[in-house]
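# Coordinate inspection notes
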Amino acid sequence: MINEINIAGRMVGAGHKPFIIAEMSGNHNQSLERALAIVDAAADAGADAIKLQTYTADTMTLPGAFIIEDENSLWKGRELYDLYKEAYTPWEWHKPIFERAKERGMIAFSSPFDETAVDFLEELGAPVYKIASFENTDHPLLRKVAATDKPVIMSTGAATVQEVAEAVQVLRDAGCQELILLKCTSTYPSTPENTNLLTIPHMRELYDVQVGLSDHTMGVGAAVAAVALGATVIEKHFTLRRADGGVDSAFSLEPEELKMLVVESERAWQALGHVQYGVQKAEEKSRLFKRSVYAAKDIAAGEAFTKDNIRVIRPGLGLAPKHYDELLGKPAATNIKAGTPLTWDMV
């Protein structure tokens, strides 16, 4: 039995509706006012949490170290250092963002990208930590996060099964007692074809932890399907409007879509229910509309039942259709008017 996890008072697990994380990333476009508006929009949509990324360009890479040349990348031609300078969330913004989230009844937390970020987030009282896919092999960072004794959510994108197993072991050995893994495809955007949601139940069995989805596909279909496969956490990038631009805007949800995700993922979770056969209480009245055997014409006593004078129709007030062939050729025991449901005392 995989235990549920308490994140700042919100229980996360199979017995609770999905934990929906709105990932702000760099969609604030270097405006604190916009960042706070994103918090408000996420709260209005019903998200459980807003997630930031805590780094600086200098803690991520070096100037001139790398230029993105992938023809299919949203960021082709950009120098990595400059991209992070544009995308990073100023550390002095974290406190007002955390406070606004709390005011709106949401949990605020972040992905730290180096040990100084963990120390900073500890000062802010972060209730949970997120390990990004590209950091899931950074064992020193994993040990630093595990030492906080807070729950950890870790994405598994761009990692081999061995690397994920090593990361899980490092976290556990360093004291992490509460871990959630997220199936993730580290392409931006990703496609339904490379999302491979069937990994979710397999990963849950393999590592004996809760599993969710960090989803970079467009729309909400993949995320809702993930819930049907047992995902307890859904993370999606979020912006006010994709047309506003920003480093991650192209694959981010807008407020109406996030609200749809919140509603539909909860419906998917509710619909899971339990293994059920037989007639449910809610179906009992509907039994009336099943079929049964009726007299299609007036039938005199002693007259044989034939395909011409009896029919299987709705409602289900007569003998069950399974007795139809058995009735054919038998004599009626009494006069029967057309439209009468047949019963055994008429045979």
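Residues numbered from 1 in each chain as written. Predicted model: local features only at pLDDT ≥ 70, side-chain atom pairs only at ≥ 80, totals over all residues. Heavy atoms only, no water.

### A few points about the packing of helix α5 (residues 115–124) against helix α6 (residues 139–146)
In a pair of packed helices, the angle between the axes and the distance between the axes together describe the arrangement. Look at α5 against α6: their axes get within 9 Å of each other, and the N-to-C directions meet at 15°. By the angle between their axes, α5 is roughly parallel relative to α6. The crossing of α5 and α6 is right-handed. On α6, the residues that touch E115, V118 and D119 of α5 are P140, L141, K144 and V145. (Axes fitted to C-alpha atoms, helices over the stretch in contact; angles between N-to-C directions. Helix = DSSP H or I, 4+ residues; strand = E, 2+ residues; numbered from the N terminus. Parallel < 35°, antiparallel > 145°, perpendicular 65-115°, else oblique. Left-handed = near helix turned anticlockwise from the far one by under 90°. Contact = heavy atoms within 4.5 Å.)

### Side note on the pattern of salt bridges
Applying the stated criterion across every chain, the model contains 18 salt bridges. With a closest N to O distance of 2.5 Å, E23 and K51 form a salt bridge. Residue E23 is found in strand β3 (residues 19–23), and its partner K51 is found in strand β4 (residues 49–54); the two are separated by 28 residues along the sequence. When sorted by exposure, E23 lands in the same class as K51, which is buried. One salt bridge in this structure joins D308 and K297, with 2.6 Å as the shortest N-O distance. Pair noted here: D308 is in the loop between β11 (292–295) and β12 (310–313) and K297 is in the loop between β11 and β12, with a separation of eleven residues, a long-range link. Residue classification places D308 among the partly exposed residues on the basis of a relative accessible area of 49%. (Salt bridge = Lys/Arg side-chain N within 4 Å of Asp/Glu carboxyl O. Buried < 20%, exposed > 50% of the residue type's maximum accessible area, 1.4 Å probe, protein only.)

### Digging into the packing of aromatic side chains
One pass over the structure, following the stated rule, counts four aromatic pairs. Both rings, one in Y55 and one in Y84, keep their centres 5.6 Å apart while their planes meet at 75°; by these two values the pair is edge-to-face. In this pair, Y55 is assigned in the loop between β4 and α2 (57–60) and Y84 in helix α3 (residues 80–87), connecting sequence segments 29 residues apart. The buried category is assigned to Y84, whose relative accessible area is 19%. Three or more aromatic residues joined by ring pairs form one cluster here, namely Y55, Y84 and F113. (Phe/Tyr/Trp six-rings, centres within 6.5 Å; stacked < 30°, edge-to-face > 60°.)

### Considering the nonpolar core
Ranked by internal contacts, the top residues of the largest apolar core, which has 62 residues, are I50, M154, L179, L181, I234 and L258. A total of eight residues in this core trace back to one element, the largest contributor, which is helix α1 (residues 32–45). Leave out the neighbours within four places in its chain, and I234 touches F19, I20, I21, L213, A223, A226, V227 and L261. (Core = buried A, V, L, I, M, F, W, Y, C linked by side-chain atoms within 4.5 Å.)

### Examining α3
One full turn of an α-helix is made of 3.6 residues, so residues set three or four places apart face in the same direction. Within the span of α3, buried status applies to L80, Y81, L83, Y84 and A87. Each buried residue of α3 sits inside an arc of 160° when the element is viewed along its axis, so together they form one side. Buried residues along α3 sit in contact with α2. (Arc of directions from axis to C-beta.)

### Considerations on the environment of P331
Mapped onto the fold, P331 is located in the segment after α11 (324–327). On the accessibility criterion, P331 (46% relative accessible area) is partly exposed. Sequence-distant contacts of P331, defined by excluding residues within four places in its chain, comprise G302, E303, A304, F305, M346 and V347.

### Quick look at helix α7 (residues 161–173)
With 13 residues, α7 extends 18 Å between its outermost C-alpha atoms, agreeing within 8% with the 18 Å of an ideal straight helix rising 1.5 Å per residue. Those residues of α7 that sit buried are V164, A167, V168, V170 and L171. Angular distribution of buried residues about the axis of α7 spans 160°; they occupy a single face of the element. Facing away from the buried side of α7 by over 90 degrees, the exposed positions are V161 and D173. Of the surrounding secondary structure, the elements contacted by the buried residues of α7 are α6, β7 (152–155), β8 (179–184) and α8 (199–207). Of the residues flanking the end of α7, it is G175, one or two places downstream, whose phi is positive at about 110°. (Expected span 1.5 Å × (residues − 1).)

### Considering the side chain of S214
Within the secondary structure, S214 sits in strand β9 (residues 210–215). S214 sits in the buried class, given a relative accessible area of 4%. Reaching out from S214, the side chain makes a polar contact with the side chain of E235 at a distance of 2.7 Å. Once residues lying within four places of it in the same chain are set aside, the contact partners of S214 are K130, S155, L182, K183, C184, T185 and E235. (Polar contact = N/O pair within 3.5 Å; in protein donor to acceptor, adjacent residues only side chain to side chain.)

### Here's the deal with the packing of helix α4 (residues 91–103) against α5
At their nearest, the axes of α4 and α5 sit 11 Å apart, and the two run at 30° to each other. As α4 runs across α5, the sense of the crossing is right-handed. Contact residues: α4 offers W91, H94, K95 and F98, while α5 offers T116, A117, F120, L121 and L124. Each residue belonging to the contact of α4 with α5 can be placed in one class, and the counts come to six nonpolar, two polar and one charged. (Nonpolar A, V, L, I, M, F, W, Y, C, P; charged D, E, K, R; others polar.)

### Quick word on the environment of V145
Among the secondary structure elements, V145 is positioned in helix α6. Residue V145 is classed as buried on the basis of its relative accessible area, which comes to 0%. Separated by 33 residues in sequence, V145 and P112 have C-alpha atoms that sit 8.5 Å apart. Here V145 is in contact with P112, V118, Y129, I131 and V152, once residues within four sequence places are set aside.

### Structural notes on the environment of V233
Within the secondary structure layout, V233 lies in strand β10 (residues 233–237). Residues in contact with V233, not counting those within four places in the same chain, are V12, F19, I21, I180, L182, V211, G212 and L213.

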